[in-house]
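Summary of the model geometry
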Amino acid sequence: MKELVKFSADGDSTAGYLSRPEDGKGPGLLVLQEWWGLVDHIRDVCDRFAAAGFVALAPDLYHGESTASPDQAQKLYMALNIEHAGRELRGAADFLHHHKAVSPSKVGVVGFCMGGQLALYAAQEHGDRIACAVDFYGIHPNVPIEPQRIKVPVLGHFGERDQSVPVDRVRALAARVQEAGGTFEAHFYDAGHAFFNDTRPTVFAPEAAELAWRRTLDFLHAQLGE
C-alpha cells in the first residue's frame, strides 16, 4: 500500500510518496517535509499515518533533492519558490480529494519545521480544499501567514525551548487567528525544535513526541472523519 505517485500541479507533474491503510480507504492527509527534503523519516511518518487510517501523501517539494547536511538544507530551504510550492500543495490536495481510496473525501495537512509553516500556508490559501491543519514547530521566513485568512481548524505543537520558534510569537499568532474567527489550539512541550524527529537523537523528545502524536490523531480523526 506504499507507492511513488505523480500528480498534476501548476501545469507540471510533481512526484510524491503515497501510503494507504491496510483496508484501502481513509481520509486524505498531506504530510509536509522538514528542510531536509522527502527523506526516509517523512516516508515513515506517512506510513504511521496510514496505519492510523489515513491516505497519506508527502509531495516532493525539492523535486528529487534531499540532504543530511544542515548547510545544504539551508540552501534548499531558502531557494524554495513559495508560490510554486503553494500551487503544488493545491495539486496534491486535489489529487487526494479525487483519489478512489480517500473516503470521506476530506483532506487535512500536517507539516514539520518548514512543512509546518507550509501547512498553515496551505490552510490559508486553499481553505476550500484543506479541512484542517497541524503545525509542528513551523518556520520559514519567506512563507507569509495572514491570520485573518485561516478559517479551518489548526492544531499546533511547539517546544518551550525552541529558540527558532519563540513561544510568545506562537501565542500571538494563535490569538490573532482566534480574534479573526478561526481556531488555533496550541500545545507547548518541554522540548526544543524538531522534537518529533526520532532519527535525530540530539533533539528527539520521546514523551513529547508521543503526546503530540496522540493529540494529532485525535484531532485529525475528529476533523476528517465521517
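See the structure shown above.
In this report, the structure presented in the accompanying data block is examined. (Residues numbered from 1 in each chain as written. Predicted model: local features only at pLDDT ≥ 70, side-chain atom pairs only at ≥ 80, totals over all residues. Heavy atoms only, no water.)

Another aspect to go through is the overall build of the protein chain. From N to C terminus, the protein chain includes six helices and eight strands. For the protein chain, the sequential pattern of α-helices and β-strands runs β-β-β-α-β-α-α-β-α-β-β-α-β-α. Taking 226 residues into account, the globule formula puts the C-alpha radius of gyration at 17 Å, and the protein chain, at 16 Å, falls close to it. Principal axes of the C-alpha set define a box for the protein chain whose edges measure 40 × 40 × 35 Å. Buried positions account for 56% of the 226 residues belonging to the protein chain. In the protein chain, once contacts between residues fewer than 6 apart in sequence are set aside, the share between residues at least 24 apart is 71%. Of the accessible surface of the protein chain, which amounts to about 9800 Å², a share of 48% is contributed by carbon and sulfur atoms. Averaged over its 21 positive side-chain charges, the protein chain has a centre that lies 3 Å from the centre of its 30 negative ones. (Helix = DSSP H or I, 4+ residues; strand = E, 2+ residues; numbered from the N terminus. Rg over C-alpha atoms; globule rule 2.2 N^0.38 Å. Buried < 20%, exposed > 50% of the residue type's maximum accessible area, 1.4 Å probe, protein only. Contact = heavy atoms within 4.5 Å. Areas by Shrake-Rupley, 256 points an atom, 1.4 Å probe, with all protein chains shown as cover. Lys, Arg positive; Asp, Glu negative; His and termini not counted. Charge placed at Lys NZ, Arg CZ, Asp CG, Glu CD.)

Right, let's talk about the pairing of strand 3 (residues 26–32) for a bit. Of all seven residues in strand 3, seven are buried, a share of seventy percent or more. Two elements, strand 3 and strand 5 (residues 102–112), share six bridges in a ladder whose sense is parallel. Residue pairing in the sheet places G28 in a bridge with V107 of strand 5. Where strand 3 and strand 4 (residues 55–59) come together, three bridges link them in parallel fashion. Note on strand 4: the bridge partner recorded for L30 is L57. Remark: the strand 3/helix 1 (residues 40–51)/strand 4 crossover connection has right-handed handedness. (Pairing = 2+ DSSP bridges. Right-handed = clockwise from strand over helix to strand, strands pointing away.)

Of note, T67 is situated in the loop between strand 4 and helix 2 (70–79). Under the relative-accessibility criterion, T67 is labelled buried at 16%. A distance of 2.9 Å separates a polar atom in the side chain of T67 from the backbone nitrogen of S69. When near neighbours in sequence (up to four residues on either side) are disregarded, T67 contacts W36, V39, Q72, A73 and L76. (Polar contact = N/O pair within 3.5 Å; in protein donor to acceptor, adjacent residues only side chain to side chain.)

A few words now on the pattern of salt bridges. In the structure shown here, the tally under the stated rule is 10 salt bridges. The closest approach of N and O atoms between D190 and R161, which form a salt bridge, is 3.1 Å. Residue D190 is located in the loop between strand 8 (184–189) and helix 6 (206–224), and its partner R161 is located in the loop between strand 7 (154–159) and helix 5 (167–179); the two are separated by 29 residues in the primary sequence. For the pair shown, D190 and R161 are each scored as exposed. Via salt bridges that share partners, R90, D94, D128 and R129 belong to a single interconnected network. (Salt bridge = Lys/Arg side-chain N within 4 Å of Asp/Glu carboxyl O.)

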